[in-house]
Amino acid sequence: MQIFNGSSMIKTHLVPCNLCGSKNTSFICKARDRLHGVEGEFNYVKCSECGLIYMNPQVVPEDIPQLYPSNYAPHHSRNKKKRFGFISELCSYLTSMAKIRKEIYNCLDNESRVLDVGCGSGSILNDIRKRTGCQVYGVDISENAVQTAKELYGIDIFKGDIKDSTWQDNYFDVITAWQYLEHVNDPNQNVEKMCRLLKNSGWLILGIPNYKSLHAKWFKNKWFPLDCPRHLCLWSPQTITKLINKHGLKVEYIVYDMTPWSLIGSLQYLIYGDNLNPGTKNRLMYSRCLLVLMFPWTLLMSLLKCSDVIIVYARKQQANE
Ligand SMILES: [Zn+2]
């Protein structure tokens, strides 16, 4: 099955559920790219056995790079702080507080090794290194990301797929993957590799969209974190826990994000349509006023455990545990 994509062809194929292997699904929604204008429509389905939401038919692995424009933001350095001033500072503070919890930070020293998978330009690694003095490592498939990380922060990034990396097993104290797992076509193998690279009692920290959020139900295919067609799998607390348990880790806790960014993205789609038209592009995304107004609501969503983004903290168990 092929979908025409401008001057190139994006090929798709039917795939079984990456979590449980079942081929039984129910249709969830049809969606299109509202952010970067990749041509075509893509189906999302729900696995009848385990509940995983995934794109099916799915973009074939060799065509996945075509889904990312050369100016794809996470592959470049960004500086929102200038644009949003203190509001952005506050959101960044709240987000970073959630990202790596204090008790994990406190265990890191200059002998600890932290790996960020899908590290983009390396700004998060740089921040962790500054705070703790630990050794930082990254992996990303983007040449832009690798160059930016080297130039801005002096961090050497392994360019390629985590599954092809050559670090020895039991090497890292902490492995993080922020907004990464939903982009890969084989999350099961990715998590398996991350678990092997972790030391016993090491932490795996995954930041992912939460398909069980209230906003996912409300906005459907206009839900900002759907990010069709770049998001191939969409997780819930239940399905991500199944995946993690499968590889010998235990989920210790899940943090529910309280920032309003993704809600504002969804409202942008609802009010102004696809975020492609130069006349309306990012009209709401840069509204300071809306950020402040929406915050009490997204704080409530966080308290009710139904926010758009979750951060999962899992720990590798000792062999005899
Ligand atoms: Zn399944």
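Provided above is the structure to which this section pertains.
All figures in this text were calculated on a predicted structure; none of them were measured in a lab.

Q: Looking at this model, I keep getting lost on the coordination of the zinc ion. Mind explaining?
A: Each donor-metal-donor angle in an ideal tetrahedron of four donors is 109.5 degrees, and each such angle in an ideal octahedron of six donors is either 90 or 180 degrees. Protein-derived ligands of the zinc ion are Cys17 (SG), Cys20 (SG), Cys47 (SG) and Cys50 (SG), with the metal-ligand distances lying across 2.2 to 2.3 Å. Around the zinc ion sit four donor atoms, and with donor-metal-donor angles ranging over 101 to 119° the site reads as tetrahedral.

Q: Mind showing me how you'd approach the packing of aromatic side chains here?
A: By convention here, two paired aromatic rings are described through the distance between centres and the angle between planes. Overall, the coordinates contain eleven aromatic pairs when judged by the stated rule. Ring geometry for Trp203 against Tyr253: centres 6.0 Å apart, planes inclined by 35°, an arrangement best described as tilted. With a gap of 50 residues between them, Trp203 in strand β11 (residues 198-209) and Tyr253 in strand β13 (residues 249-256) connect regions that are remote in the sequence. You can call Tyr253 partly exposed: its relative accessible area is 22%. With 5.0 Å between their ring centres and 45° between their planes, Tyr253 and Tyr313 make a pair best called tilted. Remark: Tyr313 occurs in strand β14 (residues 309-316) and Tyr253 occurs in strand β13; sequence separation between them is 60 residues. Within the aromatic cluster, the residues linked to one another by ring pairs are Tyr137, Phe158, Trp167, Tyr171 and Phe172. If you follow Arg34 out to its NZ or CZ, it ends over the ring of Tyr269, 6.0 Å from the centre.

Q: Which parts of the structure should I look at to understand the environment of Phe295?
A: Inspection of the secondary structure puts Phe295 in helix α9 (residues 288-303). Residues Phe295 and Pro260, spaced 35 residues apart in sequence, show a C-alpha to C-alpha distance of 5.8 Å.

Q: In this structure, what is going on with the pattern of salt bridges? I would like to understand it.
A: All chains considered together, the criterion is met by twelve salt bridges. Salt-bridge contacts for Asp274 lead to Arg34; the nearest nitrogen and oxygen are separated by 2.8 Å. Of this pair, Asp274 sits in the loop between α8 (261-272) and α9 while Arg34 sits in the loop between β3 (25-31) and β4 (42-47), and the two are 240 residues apart along the sequence. Considered together, Asp274 and Arg34 belong to a single accessibility category, that of buried residues. Residue Lys163 pairs with Asp186 through a salt bridge whose shortest N-O separation is 2.7 Å. Pair noted here: Lys163 is in the loop between β9 (157-159) and β10 (172-178) and Asp186 is in the loop between β10 and α5 (187-197), with a separation of 23 residues, a long-range link. Judged by relative accessible area, which is 26%, Lys163 ranks as partly exposed. Note on Asp186: relative accessible area 12%, which makes it buried. Through salt bridges that share partners, Arg32, Arg34 and Asp274 make up one connected network.

Q: Just to check I follow, could you spell out the nonpolar core for this structure?
A: Note that soluble globular proteins tend to have their nonpolar side chains buried in a common cluster. Core analysis: the biggest nonpolar cluster contains 40 residues, and Leu115 and Leu181 have the highest contact counts within it. For Leu181, the contacting residues outside a window of four places in its chain are Pro187, Asn190, Val191, Leu206, Ile208, Trp235, Ile240 and Leu243. Cys29, Trp223, Leu232 and Ile264 belong to the second largest nonpolar core, which has 28 residues in total.

Q: Looking at this model, I keep getting lost on the sheet that holds β4. Mind explaining?
A: One open sheet holds the four strands; their spatial order is β3-β4-β5-β12, and the pairing between them is antiparallel. This sheet does not close on itself; its edge strands, each paired only once, are β3 and β12 (233-234).

Q: What exactly am I supposed to notice about the side chain of Asn190 here?
A: In this fold, Asn190 is placed in helix α5. The exposure class of Asn190 is buried, given its relative accessible area of 1%. Engagement of the side chain of Asn190 in a polar contact is seen with the side chain of Asp186, the distance being 2.9 Å. With residues up to four places along the chain from it excluded, the contact list for Asn190 reads Asp161, Ile162, Lys163, Tyr180, Leu181 and Val184.

Rules used in this analysis
- Residues numbered from 1 in each chain as written.
- Predicted model: local features only at pLDDT ≥ 70, side-chain atom pairs only at ≥ 80, totals over all residues.
- Heavy atoms only, no water.
- Donors = N, O, S within 2.8 Å, 3.2 Å for Na, K, Ca; no water.
- Tetrahedral: all angles 85-135°; square planar, octahedral: opposite > 155°, others 65-115°.
- Phe/Tyr/Trp six-rings, centres within 6.5 Å; stacked < 30°, edge-to-face > 60°.
- Helix = DSSP H or I, 4+ residues; strand = E, 2+ residues; numbered from the N terminus.
- Buried < 20%, exposed > 50% of the residue type's maximum accessible area, 1.4 Å probe, protein only.
- Lys NZ or Arg CZ within 6 Å of the ring centre and 35° of its normal.
- Salt bridge = Lys/Arg side-chain N within 4 Å of Asp/Glu carboxyl O.
- Core = buried A, V, L, I, M, F, W, Y, C linked by side-chain atoms within 4.5 Å.
- Contact = heavy atoms within 4.5 Å.
- Pairing = 2+ DSSP bridges.
- Polar contact = N/O pair within 3.5 Å; in protein donor to acceptor, adjacent residues only side chain to side chain.

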